[in-house]
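So you can see what is in the structure, the chains are spelled out below.
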Amino acid sequence: MPLFDVGPVVLIGAGQMGMAMAVGWLEAGLSPDQLILVDPNPSPYVRNKASEISITTLAKPPAKPAQVLVLAVKPQVAPDVLPAAKSCVDENTLVISVMAGISIAQMSEALGTNRIVRTIPNTPAKIGLGAIGAFAGKGVEYDDQVVVDNVLDASGRTFWVESEDDINAVTGVSGSGPAYIFNMVEALAAAGEAQGLAPQLAMELARQTVVGSAMLLEAEPNTAAATLRENVTSPNGTTFAALQILMGEDGLTDLMVRAVTAARKRSEELGA
């Protein structure tokens, strides 16, 4: 679906996540002259990208209402950013936040609007493959959700949740999830090295294994992950031996539950 016809879209925060989303919007058809980037200290990449395709960049939010305002800053700076962002918010502005932990109530009080959607994307949004959780506040209408779908779907797949508290759980699963996968690649490569493989070969094998496995999941959407696992596992074979470790007590599932719980707890703390 082509990106919505709106303007301007004001993006506050041109960091890794903000620019991943912006690149997705532009590739989906958003006109560069309808995008305003707000960042007091943009990176050389952001400056070059903005100059290359004529995107307006500002050090502070414009004193002009935006149709869509996207808040893509770290939650720690929300107390400073939200009051400044009020200058580009009116009754017609739809606010989309990607700040972990900052509640709709907190944003509503600072911005003077209830038309707020909380979202949690992840970094694969940069290549249009993000997993994005979204929750609509009370002031968000159906048409607003259609706009949000268009904005977010340019960066990946959107999953709407029923309660705002679910966003903290989404943060722990998919928001932080890419880091878990990348760390797993590091760990798998290290395990290969421990078995005598050259470091570069171990890393290439680990990376391609994860890439190929992800593509297999994508190619077989109706096949459960457990079934795909079982298809690799011969009774009493090599994979079976390894899974006795990974699926044993205090194995990967327990470790992942503790990791996601820690991420969720931190998300809740950031909004306290």
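Residues numbered from 1 in each chain as written. Predicted model: local features only at pLDDT ≥ 70, side-chain atom pairs only at ≥ 80, totals over all residues. Heavy atoms only, no water.

With that settled, the discussion passes to the layout of surface pockets. Vacant regions in the atomic arrangement are exposed by a probe of water-molecule size rolled over the atoms. In this structure, the second largest pocket occupies an estimated 740 Å³ of space. Along the wall of the second largest pocket there are 28 residues; nearest its centre are Met 17, Val 73, Lys 74, Pro 75 and Val 98. Put simply, the parts of the chain that give the lining of the second largest pocket at least two residues each are α1 (16-27), α6 (165-175), α7 (177-194) and α11 (252-270). Considering every element that reaches the lining of the second largest pocket, the biggest residue donor is α11, with 4 residues. Here the residues of the lining of the second largest pocket are counted per class, giving 15 nonpolar, 10 polar and 3 charged. (1 Å grid on protein atoms, 1.4 Å probe; cavity = no way out; pocket = protein on both sides within 12 Å on 5 of 7 lines; lining within 4 Å. Points joined across faces, edges and corners; volume = space filled by probe spheres on them. Helix = DSSP H or I, 4+ residues; strand = E, 2+ residues; numbered from the N terminus. Nonpolar A, V, L, I, M, F, W, Y, C, P; charged D, E, K, R; others polar.)

Moving on, we come to the packing of α7 against helix α8 (residues 199-219). Closest axis-to-axis distance for the α7/α8 pair is 8 Å, and the angle between their directions is 140°. Classified by the interaxial angle, the pair formed by α7 and α8 is oblique. In this structure, α7 meets α8 at a crossing whose hand is right-handed. Along its contact with α7, which presents Ile 181, Met 184, Val 185, Glu 186, Leu 188, Ala 189, Gly 192 and Glu 193, the element α8 presents Pro 199, Ala 202, Met 203, Ala 206, Arg 207 and Val 210. Among the residues making up the contact of α7 with α8, the classes are represented as 10 nonpolar, 1 polar and 3 charged. (Axes fitted to C-alpha atoms, helices over the stretch in contact; angles between N-to-C directions. Parallel < 35°, antiparallel > 145°, perpendicular 65-115°, else oblique. Left-handed = near helix turned anticlockwise from the far one by under 90°. Contact = heavy atoms within 4.5 Å.)

The next point concerns the pattern of salt bridges. Using the criterion set out here, one finds 6 salt bridges in the structure. The shortest N-O distance in the salt bridge between Glu 164 and Arg 118 comes to 3.0 Å. In this pair, Glu 164 sits in the loop between β8 (156-160) and α6 while Arg 118 sits in strand β6 (residues 116-120), placing the two residues 46 residues apart along the sequence. Judged by its relative accessible area of 22%, Glu 164 falls in the partly exposed class. Given a relative accessible area of 3%, Arg 118 falls into the buried group. The shortest N-O distance in the salt bridge between Arg 264 and Glu 268 comes to 3.2 Å. Of this pair, Arg 264 and Glu 268 are both found in helix α11, 4 residues apart, which corresponds to roughly one turn of the helix. The partly exposed category is assigned to Glu 268, whose relative accessible area is 36%. Salt bridges sharing common partners tie together Asp 165, Arg 264 and Glu 268. (Salt bridge = Lys/Arg side-chain N within 4 Å of Asp/Glu carboxyl O. Buried < 20%, exposed > 50% of the residue type's maximum accessible area, 1.4 Å probe, protein only.)

The next point concerns the side chain of Ser 108. Examined against the element boundaries, Ser 108 turns out to sit in helix α4 (residues 104-111). According to the relative accessible area criterion, Ser 108 is buried, its value standing at 15%. Polar side-chain contacts of Ser 108 include one of 2.8 Å to the side chain of Asn 114. Apart from residues lying up to four places away in sequence, Ser 108 is in contact with Thr 113, Asn 114 and Ile 116. (Polar contact = N/O pair within 3.5 Å; in protein donor to acceptor, adjacent residues only side chain to side chain.)

Attention now moves to the sheet that holds β6. Strand order in this open sheet of 8 strands is β3-β2-β1-β4-β5-β6-β7-β8, and the pairing throughout is mixed. The open sheet has two edge strands, β3 (56-58) and β8, and neither has a second partner. Averaged over all adjacent pairs, the angle separating strand axes in this sheet is 25°, with direction ignored. On the sheet, α6 packs against β6 and β7 (130-136) and is oriented at approximately 30° with respect to β6. (Pairing = 2+ DSSP bridges.)

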